[in-house]
There are 2 protein chains.
Amino acid sequence: MTCAVLCIGTELTRGELVNTNATWLAAALTDLGFDVVEDVVVDDDRARIGATLERLGKAVRVIVCTGGLGPTTDDLTTDAVAATLGVKVVRDDASLEAIRRRIERAGRALSPSNMKQADFPQGADILPNPVGTAPGFGVTIGGASAFFMPGVPHEMQKMFEEHVRPRIRTLATRNTHQVRLRTYGLPESLVGERLAGVEEVFAGVVIGYRAQFPEIEVKVLARGASHEAARELCDRATTEVRARLADIVYGEADDSFAGVVGRTIRNKGFTLAIAESCTGGLVGHMMTREPGASEYLLVDAVTYANSAKTRLLGIDEEVIRGHGAVSSEVAAAMAEGVRRVSGADLALALTGIAGPAGGTESKPVGTVFIAVAAGTGTTVTEKHFLGSRHQIQTAAAYAGLDLLRRACG
Amino acid sequence: MTCAVLCIGTELTRGELVNTNATWLAAALTDLGFDVVEDVVVDDDRARIGATLERLGKAVRVIVCTGGLGPTTDDLTTDAVAATLGVKVVRDDASLEAIRRRIERAGRALSPSNMKQADFPQGADILPNPVGTAPGFGVTIGGASAFFMPGVPHEMQKMFEEHVRPRIRTLATRNTHQVRLRTYGLPESLVGERLAGVEEVFAGVVIGYRAQFPEIEVKVLARGASHEAARELCDRATTEVRARLADIVYGEADDSFAGVVGRTIRNKGFTLAIAESCTGGLVGHMMTREPGASEYLLVDAVTYANSAKTRLLGIDEEVIRGHGAVSSEVAAAMAEGVRRVSGADLALALTGIAGPAGGTESKPVGTVFIAVAAGTGTTVTEKHFLGSRHQIQTAAAYAGLDLLRRACG
């Protein structure tokens, strides 16, 4: 069954924003078994929105739209849909109440512009917004079921999962199955070389790659006579792929590297302390983005200044003066210091030069010393990363997490 | 002058790849003065490529396309264009020679699939590829000049700069100017209300909004008889917009809130220490994403465990036991503690419940205490945020930065 994705917004046609909504929706619709034949973006122009909807209403069976449902004057989607259908825009009292409650809970009063978000084309099927003020709606345009959702990604995703997916899932026949493996440790070209020939061995399987620095996601997509057949083929191919990739696979689907390392530490019953310098708290931030981190993470001491390293972590000033703040010795002293003051089982410390300035001949930008301290002793690893400041910080944080994972293993 | 971007590829319509080419081209075309009215993505389907080109050839004056020029069987763009124009596909000897030289330099032999990349619709204007094997080409479709380039981003960008930009730059007159203002402190609906009527007062100005939680970006886009006139109009409108938004505007274009607050602190000659609990290092991470943070930020002590609060920051255990870790008293003690141990001028501390678990009747999820300690004393602010864990953390970090900014002011 064919479908199309329509994203509405001048910020997109002006190139001010990468259109991640289209990608997310295309993947979700493909996963349901739809053939997404067109992704289209138009600017906030009533006539163009209308003409595009009419065209797609003749071409496909399902249209999924985002954007233009906000409270401001450039949000024109509802009007454009009503004009296309030749119906009035009417206010929905239940939606208005939900918006009012949400806004009052935030300690504000309902404003006229918020009230606009309770307006819908007459006869529309209203889709509640579980996490924001703007509800969505569904209508029929030509031969297509069309769904309209806000452009804010997490609101759109939640609304799609809760209200759109259940309405369209029976329309498509799903004859594909996909597994996404998350890998860390090899560049895309080498990951690809490890998997050379897999598609020839497993007819009907396509291997896809997606680089999300420094990770490579590997997608194993199988197509069969039925979903069951596709799943069975996918399972067999995934077993082969996992065997070839071995220890660079750390998880599946939406696992995060920090989350997986954190769970490993927690499952061992260990507590962790971190001391960061060049990574500026990134390691701790990655670990605490997921709930449950407070069960094992006691402290992350982000000590930029040498004075903070000595005063908070008890590092001997002489060590810093003698070897420099970016040195194997200081990394070890930071890890041992934060382990001692926090009383944690395991400690990770990172010190380095993230750039763009601060590099020297012997310690160029990208030099990072990573120390892991445990009851059994301290190990320091020296790394040299390339790229922007952000890439160096990210690469260092991943390397630190990887060393922690191995220290638990 | 209107234009459209067409990206061709099933990897895009399946959502396997974020379409950064569309964003890059839309920004480049907007910068040249074109109105990009549509970005469209279609799968590798000859009929759909042809139908889309015919439609766009009637709607716009310039069409810029990427993808489908590769050597494999699913690369159908050249065939589709020739069929649309009703012309033959012919081989270009000079292009074939260039491809042969490029492939032989890489130590390989020319294969039949490579030879296909020297085929073009008869009469096309060939665009050499300075960095890859696939040349591009230009043709006229309906009323539009259409340009076809490879989908590999760095090849496309180079070809656009060297061969497409010079061919189209005289077609558009740049008659727009835009200023982007970054705001924090009000929701989108209230920002919009403050700017009600601005578009009516300044004819030719369009106000746009983009929510990037918890910020709202306000775009003032002016259109005039010339770029100069547009700039002048934009400046006048921006002065009015700034006056109406007053202190919620913190910067322009690509400024970041943490960067602006950091510069304020640095310019005052202050040093800063941070103690975080519920925000998990986010405040420090936001400040250190930009270079220069190490000049004022001495330490960010992310103390999750109560033991870390007492051991690193010297907080009296009785205070935690008596009031709870999430309390005004502990926030104040954290700020004063990290200020004392680090020797910083200013200190910020945050303690709260980011959720999803951990809330109580008197302190529900979203409760955050934020303390700022300075030589003149300590101030604690109690906040209640709504949303997901990530939103609560982000909202708390922004609120903390805002309190710091005001403490400097």
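Our subject is the structure that appears above.
Our subject in this report is the structure included herewith. No experiment lies behind these values; they were computed from the predicted model shown. (Residues numbered from 1 in each chain as written. Chains lettered and ligands numbered in written order. Predicted model: local features only at pLDDT ≥ 70, side-chain atom pairs only at ≥ 80, totals over all residues.)

Notes on unusual backbone geometry
Residue and element names in this part refer to chain A.
So, point 1. A cis geometry characterises the amide bond from Gly355 onward to Pro356, with omega recorded as 5 degrees.
So, point 2. A positive phi angle, close to 50 degrees, is found at Ala246, a residue other than glycine.
So, point 3. Assessed through the 10 C-beta atoms surrounding it within 10 Å, Ala246 is described here as exposed.
So, point 4. A positive phi angle, close to 50 degrees, is found at Ala253, a residue other than glycine.
So, point 5. Mapped onto the elements of the fold, Ala253 is located in the loop between β12 (249-252) and α11 (257-267).
So, point 6. Taking the number of C-beta atoms within 10 Å as the measure of exposure, Ala253 has 10 and is therefore exposed. (Buried ≥ 20, exposed ≤ 12 C-beta atoms within 10 Å, placed from the backbone. Helix = DSSP H or I, 4+ residues; strand = E, 2+ residues; numbered from the N terminus.)

Details of the nonpolar core
So, point 1. Ala335 and Val338 of chain A together with Ala335 and Val338 of chain B are the most contacted members of the largest nonpolar core, which has 128 residues in total.
So, point 2. In terms of residue count, helix α16 (residues 389-408) of chain A provides more of this core than any other element does, 10 residues in total.
So, point 3. Excluding residues that lie within four positions of it along the chain, Val338 of chain A makes contacts with Ala273, Ile274, Ala275, Val299, Ala301, Leu313, Ala347 and Ala349 of chain A.
So, point 4. Membership of the second largest hydrophobic core comes to 96 residues, among which are Leu85 of chain A together with Ala4, Leu76 and Phe137 of chain B. (Core = buried A, V, L, I, M, F, W, Y, C linked by C-beta atoms within 7 Å. Contact = placed C-beta atoms within 7 Å.)

Description of the interface of chain A and chain B
So, point 1. With 68 residues of chain A at the contact, the number on the chain B side is 64 residues.
So, point 2. It is helix α2 (residues 20-32) of chain A that provides the largest number of residues to the side of chain A that touches chain B, a total of 8 residues.
So, point 3. Broken down by class, the residue content of the side of chain A that touches chain B amounts to 29 nonpolar, 25 polar and 14 charged. (Nonpolar A, V, L, I, M, F, W, Y, C, P; charged D, E, K, R; others polar.)

Focus: the sheet that holds strand β13 (residues 272-276) of chain B
So, point 1. The strand order across the open sheet built from 10 strands is β17(A)-β16(A)-β15(A)-β13(A)-β14(A)-β14(B)-β13(B)-β15(B)-β16(B)-β17(B), with neighbouring strands paired in mixed fashion. Edge positions in the sheet fall to β17 (377-384) of chain A together with β17 (377-384) of chain B, since each has one partner strand and no second. Between one strand and the next, the sheet's axes are offset by a mean angle of 10 degrees, whatever the strand orientation.
So, point 2. When strand β13 (residues 272-276) of chain A meets strand β14 (residues 297-303) of chain A, the two strands line up parallel, connected through 5 bridges. Bridged to Leu272 of chain A within β14 of chain A is Leu297 of chain A.
So, point 3. Those strands touched by helix α13 (residues 306-313) of chain B are β14 of chain A together with β13 and β14 (297-303) of chain B, and its axis lies near 145 degrees from that of β14 of chain B. (Pairing = 2+ DSSP bridges. Axes fitted to C-alpha atoms, helices over the stretch in contact; angles between N-to-C directions.)

Overview of the packing of helix α3 (residues 46-59) of chain B against helix α4 (residues 77-85) of chain B
All names here are of chain B.
So, point 1. At their nearest, the axes of α3 and α4 sit 9 Å apart, and the two run at 55 degrees to each other. As the angle between them shows, α3 and α4 are arranged oblique. In the crossing of α3 with α4, the sense of the turn from one axis to the other is right-handed. Taken together, the residues of α4 that come into contact with α3 (itself represented by Arg46, Ile49, Gly50, Leu53 and Glu54) are Thr77, Asp79, Ala80, Val81, Ala83 and Thr84. (Parallel < 35°, antiparallel > 145°, perpendicular 65-115°, else oblique. Left-handed = near helix turned anticlockwise from the far one by under 90°.)

Remarks on the sheet that holds strand β3 (residues 62-66) of chain A
Strand pairing in a sheet takes place through backbone hydrogen bonds and is either antiparallel or parallel in direction.
So, point 1. Read from one edge to the other, the open sheet built from 12 strands follows the order β6(A)-β7(A)-β8(A)-β3(A)-β1(A)-β2(A)-β2(B)-β1(B)-β3(B)-β8(B)-β7(B)-β6(B), with strand pairing classed as mixed. The outermost strands of the open sheet, each flanked by one partner alone, are β6 (125-127) of chain A together with β6 (125-127) of chain B. On average, each strand axis in the sheet is tilted by 20 degrees relative to the strand beside it, whichever way the strands run.
So, point 2. Most of the contacts of α3 of chain B go to strand β1 (residues 2-8) of chain B, to which it runs at about 170 degrees, and overall it touches β2 (35-42) of chain A together with β1, β2 (35-42), β3 (62-66), β7 (136-141) and β8 (144-149) of chain B.

A few points about the pairing of β14 of chain A
So, point 1. Within β14 of chain A, 7 of the 7 residues are buried, which leaves the element mostly enclosed by the surrounding structure.
So, point 2. At this point the chain moves from β13 of chain A, through helix α12 (residues 282-288) of chain A, to the parallel β14 of chain A, and the crossover so formed is right-handed.
So, point 3. Of the pairings in the sheet, the one linking β14 of chain A to β14 of chain B comprises 5 bridges and is antiparallel in character. Each bridged residue has a counterpart across the sheet, and for Ala301 of chain A the counterpart in β14 of chain B is Ala301 of chain B. (Right-handed = clockwise from strand over helix to strand, strands pointing away.)

Looking at the environment of Gly280 of chain B
So, point 1. Of note, Gly280 of chain B is situated in the loop between β13 and α12 (282-288).
So, point 2. The exposure class assigned to Gly280 of chain B is buried, which follows from the 28 C-beta atoms found within 10 Å.
So, point 3. Through-space distance from the C-alpha of Gly280 of chain B to that of Val302 of chain B is 6.1 Å; in sequence the pair is 22 residues apart.
So, point 4. Setting aside residues no more than four positions away along its own chain, Gly280 of chain B makes contact with Gly284, His285 and Thr288 of chain A together with Val302 and Gln393 of chain B.

Section: the pairing of β13 of chain B
All names here are of chain B.
So, point 1. Summarising burial for β13: 5 of the 5 residues are buried, a large majority.
So, point 2. Both faces of β13 are covered, namely the face carrying Leu272, Ile274 and Glu276 and the face carrying Ala273 and Ala275.
So, point 3. As paired elements, β13 and strand β15 (residues 346-352) share 5 bridges and run parallel to each other. Along β15, the bridge assignment pairs Ala273 with Ala347.

What to know about α4 of chain B
All names here are of chain B.
So, point 1. By the criterion of burial, α4 is predominantly enclosed, with 7 of the 9 residues buried.
So, point 2. Every buried residue of α4 is listed here: Thr77, Thr78, Ala80, Val81, Ala82, Thr84 and Leu85.
So, point 3. In the core, the buried residues of α4 are packed alongside β1, α3, β4 (89-91), β5 (119-121), β7 and β8.
So, point 4. Gly86 occupies a position one or two residues after α4 and carries a positive phi of about 70 degrees.

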